[in-house]
Amino acid sequence: MPRNRFELILKFLHFNDNNTKAPDNTDKLYKIRPVYDLMVAKWRDLYDPGEFISIDEGTLKWRGRLSFRVYNKDKPTKYGIKGYILCDSDTAYCWNLDLYHGQGNTLRETVIGLMDRLLNNPYSLYMDNLYNSVELSEELLNTYQVHTCGTLRKNRGEPVEIRQVGDRGHIIPRFDTVSRSNGTVMVLAWQDKRTVRMVSTKHDKSTVEVERFKKGGHGEKEKIQKPVCITEYNAHMSGVDNLDQMLSYYPFTRKTIKWHKKVVFYLIEVALHNAFIVHKLRHDQPEKTLLDFHLAIVKKLCNVVDKNDDSDDDSGDEDPTQPPARVPKHDPRESVDRSLQVPTGPKNGTMLGTGTSQDEVSL
């Protein structure tokens, strides 16, 4: 496809018919609704996550005018379009995505909506302190049989003894823990450099010995006692972070003044990442890297077939329905008259035609 035609198609690219939009339709994602719903539904249908899943938010950079653009001064991407993501903790497969567009859902409704058909199954859900609360943990376990674990903010239903840890007059020694449990939910406060509060329906207050680098120890290590819920939270909470890392390797989102184009390109990036994970699980000899998988997809879309599977030759069979490639009838270099001798300029910096014998040009 010629470049100009590609740019023309990209310029007028739409994903929904604006003329058919009802006057009372207030859906802010109307421009991408068909593609968005189709892709997310396919992600859920084609994959069943493992036992450990995680929920976190991601931000697609966007500084243009947009009614549901968000701002967070603590994030590397301060302005953008926020999405709530549910990932498989082991493979970083994006199983569900909820784009924030000002719908006004509570955090509980967001978590329940992301879980979808995973509810009423023995999953272990890991979340940070934005979502967690004692009430939500009890509901997920008692109603939907889903265990939860994650960090906890103050005033999220924890006992007073846990809330006061770290305050003046309630300092505990470093690496000590204070825990409370009602038989269903365990809430724990662990003192490190800062106070870390955890809520879990899967763990107790037991600790495990871990080894880490000592601060200011010039490479020395120290052994400390850390609660098991914190070690497992660190191990299984990185699903969304790993997804963002994989997407950052080979991005193809480009700067545009149309927000819906950038969002759809982001969805395609996530779809390629998910397809790569499914490809590795269902094939005995999958593509080695994500880049190899991207190249294989591009070759397939361009009808480029390798002649030998064992070679790196990218040439393919010609399509008889396509016109032959335009080949020049002669080499343009052959039309140059070799008898014309054009000398280079003098080494002393004198311009040609100064009258000296060395600067004359003769044909």
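Refer to the structure presented above.
Because the structure is predicted, anything quoted here is derived from the model rather than measured.

S.K.: Quick question: what am I supposed to make of the pairing of strand S3 (residues 79-88) here?
M.R.: Both faces of the sheet carry side chains from a regular strand, because those side chains alternate between them. Across the 10 residues of S3, eight count as buried, placing the element largely inside the fold. Looking at chain direction, strand S1 (residues 52-61) and S3 are connected through nine bridges and run antiparallel. Across the sheet, the residue bridging to Glu57 is Tyr84, located in S3. Two strands pair when backbone bridges link them, and strand S2 (residues 70-71) and S3 are joined in this way by two bridges, in the antiparallel orientation. Bridge assignment links Val70 to a residue of S3, and that residue is Gly80. What sits between S3 and strand S4 (residues 94-99) in their antiparallel hairpin is a turn of five residues, with Ala92 showing a positive phi close to 65°.

S.K.: For this particular structure, what's the right way to read the packing of aromatic side chains?
M.R.: Aromatic ring pairs are described here by two measures, namely the spacing of the ring centres and the angle between the planes. Summed over the entire model, instances satisfying the criterion amount to eight aromatic pairs. Relative to Tyr131, the ring of Tyr84 has its centre 6.2 Å away and its plane inclined at 75°; by these criteria the two rings are edge-to-face. Residue Tyr84 is located in strand S3, and its partner Tyr131 is located in the loop between strand S5 (124-127) and helix H4 (134-144); the two are separated by 47 residues in the primary sequence. The pair formed by Tyr84 and Tyr131 is uniform in burial state, with each residue classed as buried. Seen from the ring of Tyr100, Lys82 lies directly overhead, with NZ or CZ sitting 5.5 Å from the centre. Sitting over the face of the ring of Phe213, Lys221 holds its NZ or CZ atom 5.0 Å from the ring centroid.

S.K.: Would you explain the nonpolar core in this entry?
M.R.: Note on soluble globular proteins: their nonpolar side chains tend to be buried together. If you look at the biggest cluster of nonpolar residues, it comprises 51 residues, and the most contacted ones within it are Ile32, Trp43, Leu97, Leu125, Leu140 and Trp259. In terms of residues, this core owes the most to one element, helix H8 (residues 259-282), which gives eight residues. If we skip the residues at most four places from it in the chain, Leu97 touches Tyr36, Val40, Trp43, Gly83, Tyr84, Ile85, Leu114, Tyr266 and Leu267. Membership of the second largest hydrophobic core comes to 12 residues, among which are Cys149, Leu188, Trp190 and Tyr233.

S.K.: Please clarify how H8 should be interpreted in this entry.
M.R.: Helical geometry: 3.6 residues make up each α-helical turn, so side chains three or four residues apart lie on a common side. End to end, H8 covers 35 Å across 24 residues, agreeing with the expected 34 Å (1.5 Å per residue, within 8%). Of all 24 residues in H8, 18 are buried, a share of seventy percent or more.

S.K.: For this particular structure, what's the right way to read a nonpolar patch on the surface?
M.R.: A cluster of nonpolar side chains, namely Tyr249, Tyr250, Leu291 and Leu295, defines an oily patch on the protein surface of about 360 Å² accessible area. Classification of Leu295 by relative accessible area gives partly exposed; the value is 44%.

S.K.: Can you walk me through the pattern of salt bridges in this structure?
M.R.: Any two side chains of opposite charge can pair, on the condition that their charged atoms come close. Overall, the coordinates contain 13 salt bridges when judged by the stated rule. Taking the shortest distance from any N to any O, the salt bridge between Lys75 and Glu57 comes out at 3.7 Å. Linking Lys75 in the loop between S2 and S3 with Glu57 in strand S1, this pair joins segments that are 18 residues apart in sequence. For Lys75, a relative accessible area of 31% gives the class partly exposed. Taking relative accessible area as the criterion, Glu57 reaches 16% and is therefore assigned buried. Its salt-bridge partner being Asp192, residue Arg174 comes within 3.2 Å of it at the nearest N-O pair. Of this pair, Arg174 sits in the loop between helix H5 (160-163) and strand S7 (177-181) while Asp192 sits in the loop between strand S8 (186-191) and strand S9 (195-200), placing them 18 residues apart in sequence. Judged by its relative accessible area of 47%, Arg174 is partly exposed. Residue Asp192 is classed as buried on the basis of its relative accessible area of 16%. Each of Arg174, Asp192, Arg212 and Glu222 takes part in one network of salt bridges that share partners.

Rules and cut-offs
Residues numbered from 1 in each chain as written. Predicted model: local features only at pLDDT ≥ 70, side-chain atom pairs only at ≥ 80, totals over all residues. Heavy atoms only, no water. Buried < 20%, exposed > 50% of the residue type's maximum accessible area, 1.4 Å probe, protein only. Helix = DSSP H or I, 4+ residues; strand = E, 2+ residues; numbered from the N terminus. Pairing = 2+ DSSP bridges. Phe/Tyr/Trp six-rings, centres within 6.5 Å; stacked < 30°, edge-to-face > 60°. Lys NZ or Arg CZ within 6 Å of the ring centre and 35° of its normal. Core = buried A, V, L, I, M, F, W, Y, C linked by side-chain atoms within 4.5 Å. Contact = heavy atoms within 4.5 Å. Expected span 1.5 Å × (residues − 1). Patch = residues over 30% accessible without salt bridge, like charges linked within 9 Å, V, L, I, M, F, W, Y side chains within 5 Å. Areas by Shrake-Rupley, 256 points an atom, 1.4 Å probe, with all protein chains shown as cover. Salt bridge = Lys/Arg side-chain N within 4 Å of Asp/Glu carboxyl O.

From the geometry alone we can't say anything about function, so treat these as descriptive.
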